[in-house]
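Notes for the structure review
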Amino acid sequence: QVQLVESGGGLVQAGGSLRLSCVASGGTFSSYAMGWFRQAPGKEREFVSCISRYGGRTYYRDSVRGRFTISRDNAKNTVYLQMNSLKPEDTAVYYCAARSGYSSVCDRLYEYDYWGQGTQVTVSS
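Residues numbered from 1 in each chain as written. Predicted model: local features only at pLDDT ≥ 70, side-chain atom pairs only at ≥ 80, totals over all residues. Heavy atoms only, no water.

Looking now at the state of the cysteines. Within the structure shown, the criterion is met by 2 disulfides. The disulfide partner of Cys-22 is Cys-96, and the S-S distance across this bridge is 1.9 Å. Disulfide Cys-22-Cys-96: torsion about the S-S bond near 45°, hence right-handed. Placement of Cys-22 in strand S3 (residues 18-25) and of Cys-96 in strand S9 (residues 92-99) is noted, with a sequence separation of 74 residues between them. (Disulfide = S-S within 2.5 Å. Helix = DSSP H or I, 4+ residues; strand = E, 2+ residues; numbered from the N terminus.)

Here you go:
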């Protein structure tokens, strides 16, 4: 069983930056592809970004590409999401997730096995 704990959320003005972290425990971190998802009030949870097991491949939703950067440190069992040039529409609860299986895509929520509790990101205009 893998436990995931996110941190780094908060309140920031539009144009600002935040760095989210997600620490994993209870498993072999490098065995999992990692993803970040978000859920705004009244909306479905959506894919934000993901990274392969050793960080060689990364993917982003179109609306965050060029502003967000996902990375991981397998020695620290941690995945990061650096968020720059934040916009009010980025406001949401952000979740990290771990996937043990293999797939050609990484934006499918149902393919992830473990989820964190989420961290709130609020961007004011």
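Moving on from the coordinates now.
Moving on, we get to the pairing of S3. As defined by bridge partners, strand S1 (residues 3-7) adjoins S3 across 5 bridges and the pair is classed as antiparallel. Among the inter-strand pairings, Gln-3 is bridged to a residue of S3, identified as Ser-25. (Pairing = 2+ DSSP bridges.)

This part is about the side chain of Asp-90. Looking at the secondary structure, you find Asp-90 in the loop between strand S8 (78-83) and S9. Exposure remark for Asp-90: the relative accessible area of 1% places this residue in the buried category. Engagement of the side chain of Asp-90 in a polar contact is seen with the side chain of Arg-38, the distance being 3.0 Å. (Buried < 20%, exposed > 50% of the residue type's maximum accessible area, 1.4 Å probe, protein only. Polar contact = N/O pair within 3.5 Å; in protein donor to acceptor, adjacent residues only side chain to side chain.)

Turning our eyes to something else, we now look at the nonpolar core. Within the largest apolar cluster, 29 residues are counted, with the highest numbers of intra-cluster contacts made by Leu-4, Met-34, Trp-36, Phe-68, Leu-81, Met-83 and Tyr-94. In contact with Met-34, not counting residues within four places along its chain, are Leu-4, Cys-22, Phe-29, Ser-49, Cys-50, Ile-51, Ile-70, Arg-72, Val-79, Ala-97, Ala-98 and Tyr-112. Core analysis: the next-biggest nonpolar cluster, separate from the first, contains 6 residues, Phe-47, Cys-50, Ala-97 and Tyr-112 among them. (Core = buried A, V, L, I, M, F, W, Y, C linked by side-chain atoms within 4.5 Å. Contact = heavy atoms within 4.5 Å.)

Scanning all chains against the criterion turns up 5 aromatic pairs. A centroid spacing of 5.0 Å and a plane angle of 80° characterise the contact between Phe-37 and Tyr-112, whose relative ring orientation is edge-to-face. Of the two residues, Phe-37 sits in strand S4 (residues 33-39) while Tyr-112 sits in the loop between S9 and strand S10 (114-115), which places them 75 residues apart along the sequence. Here Phe-37 matches Tyr-112 in class, with each residue buried. Through a chain of ring-to-ring contacts, three or more aromatic side chains come together here, namely Phe-37, Phe-47, Tyr-112 and Trp-115. Stacked on the ring of Tyr-95, the Lys or Arg Arg-45 has its end atom at 3.7 Å from the ring centre. The ring of Phe-29 has Arg-72 lying over it, and the distance from NZ or CZ to the ring centre is 4.4 Å. (Phe/Tyr/Trp six-rings, centres within 6.5 Å; stacked < 30°, edge-to-face > 60°. Lys NZ or Arg CZ within 6 Å of the ring centre and 35° of its normal.)

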